[in-house]
Amino acid sequence: TGVTLSKVTGNIVTDTTSLAAEASATFIVTNTTVAAGDTVVLSQKSGSNGGNTSVEVVAVAAGSFSIMVSNNNAAAGAAETGAIIINFTVVKGVAA
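Report on the accompanying structure. Since this is a predicted model, take the numbers as computed values, not measurements.

A closer look at the sheet that holds strand E2 (residues 9-13)
- If you trace the three strands from one edge of the open sheet to the other, you get E2-E7-E4, paired in antiparallel fashion. The open sheet has two free edges, formed respectively by E2 and strand E4 (39-46), since each of these has just one partner strand. Sheet twist, expressed as the average angle between the axes of neighbouring strands with direction ignored, equals 25°.
- Across seven bridges, E4 lies against strand E7 (residues 85-91) in antiparallel orientation. Each residue of the ladder has a partner; that of Val41, found in E7, is Thr89.

What follows is the structure, encoded as structure tokens:
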């Protein structure tokens, strides 16, 4: 499920769809403030119920960026079912 949020800082709340152990899911954030040369910084504020979930930016383009959520629990570990709150900041790039 994609997200539309056109701000340079903010937070995103994921849905509670189950993410199995050792699985990942990627979604696109449409954000008109983002340029291809920008850097998007993320932090996971709260919401992980498995305790071993990570978030990272995997692509940046003009008008959007992609976030991958990974459940890093071992194969027999817990599924991630919590609504994760992800903080983000767009750091504007400058061409040198």
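Regarding the layout of surface pockets
- Counted as a void, the largest pocket has a volume near 320 Å³.
- Looking at the largest pocket, it is lined by 16 residues, and the ones nearest its centre are Thr14, Asp15, Thr17, Ala25 and Phe27.
- Per-element tally for the lining of the largest pocket: the top contributor is strand E3 (residues 24-30), with three residues.
- Looking at the lining of the largest pocket, its residues break down into seven nonpolar, seven polar and two charged.

Conventions adopted
Every chain's residues receive numbers from 1 upward, in the order its sequence appears when written. Confidence filtering applies because this is a predicted model: local features only for residues at pLDDT of at least 70, side-chain atom pairs given and counted only at 80 or more, and all residues used for totals across whole chains, interfaces and linings. Heavy atoms from the whole structure form the basis of all side-chain values; hydrogens and water molecules are not counted. The pairing criterion is simple: DSSP has to find at least two bridges between the two strands. Starting at the N terminus, helices and strands are each numbered in turn, a helix being any DSSP run of H or I of at least four residues and a strand any DSSP run of E of at least two. Here an angle of 0 to 180 degrees is reported between the N-to-C directions of two axes, which are lines fitted to C-alpha atoms, with helices fitted over the stretch in contact. For cavity detection a 1 Å grid was placed over the protein atoms alone, and a set of points counts as a cavity when a 1.4 Å probe fits there but cannot get out; an open set counts as a pocket when protein lies on both sides within 12 Å along at least five of seven lines, with lining residues being those that have an atom within 4 Å of a point. Grid points are joined across faces, edges and corners, and a volume is the space filled by probe spheres set on the points. For this scheme, ten residues count as nonpolar: Ala, Val, Leu, Ile, Met, Phe, Trp, Tyr, Cys and Pro. Four count as charged, namely Asp, Glu, Lys and Arg, and the remainder, Gly too, count as polar.

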